[in-house]
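Given next are the chains, with one letter for each unit.
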Amino acid sequence: MIDEGRPIFAQIAERIAGDVLDGTLPEEGQVPSTTELSAFYRINPATVAKGMAELVAQGVLYKRRGIGMFVSTGARARLQEQRRAAFVDEYVAPLVREAHRLGLGPDDLARLLAEVSGAGAAAGGPGRAAGGAR
Amino acid sequence: MTGAADGTAASGPAIVAHGVGRTYGSTTVLEDVDLTFEEGRVHGLLGRNGAGKTTLLRLLTGLDRPSTGRVRVLGGDPFENEGLAGRVCFVKESVVYPETFRVRHALRAAALVFPRWDADRAAELLDAFALPTDRTVKKLSRGMTSALGVVIGLASRAEVTLFDEPYLGLDATARQLFYDALLEEIGELPRTVVLSTHLIDEVDHLLERVVVLDHGRVLLDAEADEVRGSALEVVGASGAVDAFVADRRLLRREALGPLARATVAARLTADERRRAEGLGLDLSPVPLQQVVVSLTGARSADVRTLEEVPS
């Protein structure tokens, strides 16, 4: 679950941000406590706290004294914006690189993307998408 | 008590070793050890057998005295220091109890020594480890002896708790139990923990600070997060690998026909990462355990250059 290369606190922050992004943690909803997250992810509580502090600094979470951490209003839109900026580097560029290696051009890619999106919407089966890619 | 929960930095040093050396006759076990263990943090004390870990722990807990230098624990000299007895808990490999002592006697003794003793926690852990309270300590198996040490170490709630390879004889399930209970304990009541261990992979995510001893000296003393990701494995066509690692510190290189795998001490920028990908190289981070292995397995000449890497 945790990738060894990057600081764990940053990965925890990213994971919580991911939960905000997909609505698992709704805006104005309470976030599990440091202790709960520490036990759940089996990570030092101080490390979890550091990750949370990062999200507070980014305005994703805010603290209610004596109660706990909550997701800020507008956090989701802000995170989406951030991640869209990184989307090209992290997802599109590697995709294009691998496609190039396999001798697939832009048209093939467009067709595959359409197929996979269609398959995802219809059956949601990754097996079908793989079959379509053939 | 909320120090860790707030994510604030540690409040001060719990343990300080300054220029500490220990010799037995003509054998030097520790040499020139300078260390600071911050209050409320979890430290890993790592290194190969014979590196001096246990000797250092014995000095920190006043069971032995340094030949040179000095040690301070919670502001005092730990040697023959009654005042520290209830504030420092040392879980070591072999504890000598009176011949007829049963498990429950050991726990009662611990309850008397440690003012913050948590009897409920002790009972809970005893149950989890399935320790028979009526058995004499002498007749416990290796694993049960370790479990008893772990129970006392965690339930003591001592300000400074030191574990010296507390897992001997414990199976994977029991070790997980220990790690989970440790996390829960420090979450509830942050305290200074020193964990001497060889099972680095298992405790990796529990550690905040890492100290590696090698031949009685401090080889590495750094934030765990800095050590993780301080080395990198590069795999690909050997020409490309060599071109990419040319001006970097090479820890290890292996070849298989046209392929090469190089481990380098490096932290890459996004640009360098892109360059590597452009060269068709696969990059993967080296876990903490592998960093320590390559540090302590390297020849001393290589080690000196490595020492500077994570700091």
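Reading guide: rules and limits
- Residues numbered from 1 in each chain as written.
- Chains lettered and ligands numbered in written order.
- Predicted model: local features only at pLDDT ≥ 70, side-chain atom pairs only at ≥ 80, totals over all residues.
- Heavy atoms only, no water.
- Helix = DSSP H or I, 4+ residues; strand = E, 2+ residues; numbered from the N terminus.
- Buried < 20%, exposed > 50% of the residue type's maximum accessible area, 1.4 Å probe, protein only.
- Contact = heavy atoms within 4.5 Å.
- Areas by Shrake-Rupley, 256 points an atom, 1.4 Å probe, with all protein chains shown as cover.
- Pairing = 2+ DSSP bridges.
- Axes fitted to C-alpha atoms, helices over the stretch in contact; angles between N-to-C directions.
- Salt bridge = Lys/Arg side-chain N within 4 Å of Asp/Glu carboxyl O.
- Polar contact = N/O pair within 3.5 Å; in protein donor to acceptor, adjacent residues only side chain to side chain.
- Core = buried A, V, L, I, M, F, W, Y, C linked by side-chain atoms within 4.5 Å.
- Expected span 1.5 Å × (residues − 1).
- Phe/Tyr/Trp six-rings, centres within 6.5 Å; stacked < 30°, edge-to-face > 60°.
- Lys NZ or Arg CZ within 6 Å of the ring centre and 35° of its normal.
- pLDDT = per-residue confidence, 0-100.

Novice: For this particular structure, what's the right way to read the overall build of chain B?
Specialist: Check the secondary structure of chain B and you find 11 helices and 13 strands. Here chain B holds 311 residues, and the buried ones make up 48% of them. Contacts spanning at least 24 positions in sequence make up 69% of the contacts within chain B whose residues lie at least 6 apart. By element, 49% of the accessible surface of chain B is carried by carbon and sulfur atoms, the whole surface being about 14,400 Å².

Novice: Is there a simple way to explain the overall build of chain A in this structure?
Specialist: Counting its regular elements, chain A contains six helices and two strands. Reading chain A from its N terminus to its C terminus gives the helix and strand order α-α-α-β-β-α-α-α. Relative to its 134 residues, chain A shows a buried fraction of 31%. For chain A, the proportion of contacts with a sequence separation of at least 24, taken over those separated by at least 6, is 50%. Accessible surface, chain A: about 8,100 Å² in total, of which carbon and sulfur atoms supply 57%.

Novice: It is not clear to me how the sheet that holds strand β11 (residues 249-256) of chain B should be interpreted in this structure. Could you clarify?
Specialist: Backbone-to-backbone hydrogen bonds pair the strands of a sheet. The strands run either parallel or antiparallel. Residue and element names in this part refer to chain B. The strand order across the open sheet formed by four strands is β11-β12-β10-β13, and the pairing between neighbours is antiparallel. Here the strands that pair on one side only, and so sit at the sheet edges, are β11 and β13 (282-285). Each adjacent strand pair in this sheet contributes to an overall mean axis angle of 20°, direction not counted. Of the strands in this sheet, β10 (231-237), β11 and β12 (259-265) are in contact with helix α8 (residues 238-245), which crosses β10 at around 145°.

Novice: In this structure, what is going on with the interface of chain B and chain A? I would like to understand it.
Specialist: Interface extent is often summarised as the accessible area lost during association of the parts. Taken together, the 21 residues of chain B in the interface contact 20 residues of chain A. As a salt-bridge pair, B:D180 and A:R42 come within 2.7 Å of each other at their nearest N and O atoms. Counting across the interface, chain B meets chain A through seven residue pairs in polar contact (both at pLDDT 80 or more). Of all elements in the fold, only α5 (172-188) and α9 (270-278) of chain B reach the threshold of two or more residues within the side of chain B that touches chain A. Here the side of chain B that touches chain A gets five residues from one element, more than from any other, and that element is α5(B).

Novice: Sorry, what's going on with the sheet that holds strand β2 (residues 27-38) of chain B here?
Specialist: Residue and element names in this part refer to chain B. Taken in spatial order, the three strands make up an open sheet running β2-β1-β4, and their pairing is antiparallel. This sheet does not close on itself; its edge strands, each paired only once, are β2 and β4 (68-73). Within the sheet, the average angular offset between the axes of one strand and its neighbour, ignoring direction, is 15°. Of the strand pairs in this sheet, strand β1 (residues 13-24) and β2 are connected by eight bridges, and their pairing is antiparallel. Looking at β2, one finds that V20 is bridged to V33. This element, helix α1 (residues 53-60), spans β1, β2 and β4 of the sheet and lies at about 60° to β2.

Novice: Help me understand the nonpolar core, please; the structure alone is not making it clear to me.
Specialist: In summary, soluble globular proteins display a tendency toward joint burial of nonpolar side chains. Grouped together as the largest cluster of nonpolar side chains are 53 residues, with contacts concentrated most on B:F129, B:L148, B:F178 and B:L182. Ranked by size, the runner-up nonpolar core spans 24 residues in total, among them B:L30, B:V33, B:V73 and B:F90.

Novice: Quick question: what am I supposed to make of helix α1 (residues 8-21) of chain A here?
Specialist: For an α-helix, 3.6 residues make a turn, and residues three or four places apart therefore share a direction. Residues and elements named next belong to chain A. With 14 residues, α1 extends 20 Å between its outermost C-alpha atoms, agreeing within 8% with the 20 Å of an ideal straight helix rising 1.5 Å per residue. Here α1 lies mainly inside the structure; 10 of its 14 residues are buried. Along α1, the positions that sit buried rather than exposed are I8, F9, Q11, I12, A13, I16, A17, G18, V20 and L21. One or two positions beyond α1, positive phi appears at G23, with a value near 85°.

Novice: What exactly am I supposed to notice about helix α4 (residues 142-155) of chain B here?
Specialist: All names here are of chain B. The terminal C-alpha atoms of α4, which comprises 14 residues, lie 20 Å apart, in line with the 20 Å expected from a rise of 1.5 Å per residue. The buried fraction of α4 is high, at 11 of 14 residues. Within the span of α4, buried status applies to G143, S146, A147, L148, G149, V150, V151, I152, G153, L154 and A155. Contact partners of the buried residues in α4: β5 (88-91), α2 (103-113), α3 (119-128), β6 (160-164) and α5. Trailing α4 by a residue or two, R157 shows a phi angle of about 50°, which is positive.

Novice: Help me understand the packing of aromatic side chains, please; the structure alone is not making it clear to me.
Specialist: Taken as a whole and judged by the stated rule, the model has six aromatic pairs over all chains. Relative to A:Y41, the ring of A:F40 lies with its centre 5.1 Å away and its plane at 75°, an arrangement referred to as edge-to-face. We classify A:F40 as exposed; its relative accessible area is 64%. A relative accessible area of 14% means that A:Y41 is categorised as buried. On the basis of an interplanar angle of 15° and a centroid distance of 5.6 Å, the ring pair of B:Y97 and B:F101 is categorised as stacked. An aromatic cluster is present here, built from B:F163, B:F178 and B:Y179 joined pairwise through their rings. Over the ring of A:F9 we find A:K50; its NZ or CZ atom is 4.2 Å from the centre of that ring. When the ring centre of B:F244 is taken as reference, the NZ or CZ atom of B:R248 above it lies at 4.7 Å.

Novice: What am I meant to see in the confidence of the model for chain B here?
Specialist: Parts of the prediction with low pLDDT should not have their coordinates interpreted in detail. Residues and elements named next belong to chain B. Looking at chain B, pLDDT values average 88 and 92% of them are 70 or higher. Counting contacts from residues 1-10, a segment whose pLDDT is below 50, to residues more than four positions away or on other chains yields 16 contacts. pLDDT under 50 marks residues 299-311. Its contacts with residues more than four places away, or in other chains, come to 20 contacts.

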